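Chain by chain, the residues run as shown.
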Amino acid sequence: MKIKFVDLLAQNEEIRDRIERELAELHRHTAYVGGESVESFEREFAKFLGVDHAIGVGSGTDALRLALLALGIGPGDEVITTPMSFIATTAAVLQTGATPAFVDVNPDTGNIDAEAVRRYLRGGDFRAPNGPKAILPVHLYGLPAPMNELSEIANSFHLDLIEDACQAHGARVMTRDGWRSAGSFGAAACFSFYPGKNLGAWGEAGAVVTGDGELAAAVRALRDHGRISHYAHDRIGYNARLDALQAAVLRAKLEHLGGWNARRRRIAATYRDLLRDSGLLLPLELPGVESVYHLFVVRSPDRDQIRQALLNDGIECGIHYPVPIHLQPACGALGYKPGDFPVSESFADTVLSLPMHPHLKDSDLERIAGVVRSAMRSNHTSLAGGLRPETSVAPPLANGN
Ligand SMILES: Cc1ncc(COP(=O)(O)O)c(C=O)c1O
């Protein structure tokens, strides 16, 4: 029997009754773009995160681009970010005309390293004429980046902080004032509702969240052709609106998100028990942060062999990400080279994402762990026989972004 990497059908079964009612409503009202269901979702998602404003947009990439533009980031400006992410994080910076400046990630977490950010800022050797204007951390795999440290750095260097929270719906960070949601720290935070995310739509969707009313108004205008009233446009904007069908699905799934995230955390704990002492590097449970395990990513120099054994057994898995962004052909003009970010490059060579979704059964986890352990054993036997397996650079990905 196949084990899926994500199981969207199982999610649909849980929301079936509500979504049928919502679709019947949509059928009657024919308000397909914007409207009441989008506004309700925006209010409910803002409440879920404990922020003042959420603005639904067309995708996570739109959310990043519009948040950066609304903050005035553009040509000549630098945005400090991580090379260990989906390419959209960097693409959004480039789409504003600004220059991404990468710093390496922390070897324990894969998240941007706060000390490396500080060193970069102190070094003063910048890549664009205006120097750094913002820091754009990513909460990689659902684990919050070091937000207390990054907030402090952003304050002392007078930079905007924008969170790429596309993988971290409901993750939390302990602060001096108690737990806060990932997404509530920056001037703005950006979410993707790509179908496989912890909160996923039935198509493309995203949101910008912010505590700043003026910024929220600017993003609202930018997502809708710079519109400030029906026929008045005070700037050239984009068509980046959220549609009502996606909002209806997101409202229905938002009711389940807390429970689904809790189940993901229990699955991570079970994986950790089953794979303890296996020789794999497992994701750390750090004090003061609560991951929502969008992905459960293990690391091993034998990654490719383990991946092949899982696929042979009908177990879907992925690699997030096999090529760090600074080495992507699309980013060649930025002038980075292999060796510039050794920790990110080592992640790219060793990471493997095991199946992770709230509908996995304990028996699935036992089967996955069994295949992983036996692949590691047989690989060590073959290494002992003197064979060094080739490592593939960029295996095909079965699971989108
Ligand atoms: C970290 C990260 N940033 C940005 C994005 C872009 O989101 P979208 O695919 O909704 O445009 C994604 C989605 O895959 C992501 O994982």
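This section reports on the structure supplied with the text.

Conventions we followed
Residues numbered from 1 in each chain as written. Predicted model: local features only at pLDDT ≥ 70, side-chain atom pairs only at ≥ 80, totals over all residues. Heavy atoms only, no water. Near = heavy atom within 4 Å. Polar contact = N/O pair within 3.5 Å; in protein donor to acceptor, adjacent residues only side chain to side chain. Areas by Shrake-Rupley, 256 points an atom, 1.4 Å probe, with all protein chains shown as cover. Helix = DSSP H or I, 4+ residues; strand = E, 2+ residues; numbered from the N terminus. Nonpolar A, V, L, I, M, F, W, Y, C, P; charged D, E, K, R; others polar. Core = buried A, V, L, I, M, F, W, Y, C linked by side-chain atoms within 4.5 Å. Buried < 20%, exposed > 50% of the residue type's maximum accessible area, 1.4 Å probe, protein only. Domains from an automatic or database assignment. Phe/Tyr/Trp six-rings, centres within 6.5 Å; stacked < 30°, edge-to-face > 60°. Pairing = 2+ DSSP bridges. Axes fitted to C-alpha atoms, helices over the stretch in contact; angles between N-to-C directions. Parallel < 35°, antiparallel > 145°, perpendicular 65-115°, else oblique. Left-handed = near helix turned anticlockwise from the far one by under 90°. Contact = heavy atoms within 4.5 Å.

Here we come to the site of the ligand. Looking at the ligand, there are 16 residues lining it, with Gly 60, Thr 61, Asp 164, Ser 192 and Lys 197 nearest. The separation between a nitrogen atom of the ligand and a polar side-chain atom of Asp 164 is 2.8 Å. In isolation the ligand exposes 390 Å². Once the protein is present, 97% of that is buried. Elements with a contribution of two residues or more to the shell around the ligand: helix H3 (60-70) and helix H4 (88-95). Of the residues that constitute the shell around the ligand, the class distribution is six nonpolar, eight polar and two charged.

Another aspect to go through is the nonpolar core. Membership of the largest hydrophobic core comes to 27 residues, with the highest contact counts inside it found for Ile 80, Val 103, Val 117, Ile 135, Met 147, Leu 150 and Ile 153. Elements represented by at least two residues in this core include exactly strand S3 (99-102), helix H5 (114-123) and helix H6 (147-156). Among the elements that make up this core, the one with the highest residue count is H5 (five residues). Of the domains in this structure, domain 1 (8-252) and domain 2 (256-384) are the two that each give at least three residues to this core.

Okay, the packing of aromatic side chains next. Counted by the stated rule, this structure contains 12 aromatic pairs. Between the aromatic rings of Phe 41 and Phe 45, the centroid separation amounts to 5.5 Å while the plane-to-plane angle is 20 degrees, which identifies the pairing as stacked. Taken as a pair, Phe 41 and Phe 45 lie in helix H2 (residues 36-49) at a separation of four residues, close to a single helical turn. This pair shows no difference in class: Phe 41 is buried, exactly as Phe 45 is.

In spatial order, the strands read S7-S6-S12; together these three strands make up an open sheet with antiparallel pairing. The open sheet terminates on both sides in strands that have one partner only, identified here as strand S7 (178-181) and strand S12 (289-290).

Time to look at the packing of H2 against helix H8 (residues 244-275). At a closest axis distance of 8 Å, the pairing of H2 and H8 adopts a crossing angle of 30 degrees. Compared by their axis directions, H2 and H8 come out roughly parallel. You can see that H2 and H8 cross each other, and the crossing is left-handed. Only Ala 244, Ala 247, Ala 248, Leu 250, Arg 251, Leu 254 and Leu 257 of H8 make contact with H2, whose side of the interface consists of Ser 37, Val 38, Ser 40, Phe 41, Glu 44, Phe 45 and Phe 48. For the contact of H2 with H8, the residue count by class is 10 nonpolar, two polar and two charged.

The subject of this paragraph is the sheet that holds strand S9 (residues 206-210). If you trace the seven strands from one edge of the open sheet to the other, you get S1-S9-S8-S5-S4-S2-S3, paired in mixed fashion. Only two strands of the sheet have a single partner each, and these edge strands are strand S1 (53-57) and S3. Put simply, the sheet's adjacent strands are angled 25 degrees from each other on average, direction ignored. Judged from the three bridges that link them, strand S5 (residues 160-164) and strand S8 (residues 188-192) form a sheet pairing that is parallel. From the neighbouring strand, Ile 162 faces S8, where its bridge partner is Ala 188. The strands touched by H5 within the sheet are strand S2 (78-81), S3 and strand S4 (132-136), with S2 carrying the most contacts at an inclination of about 150 degrees.

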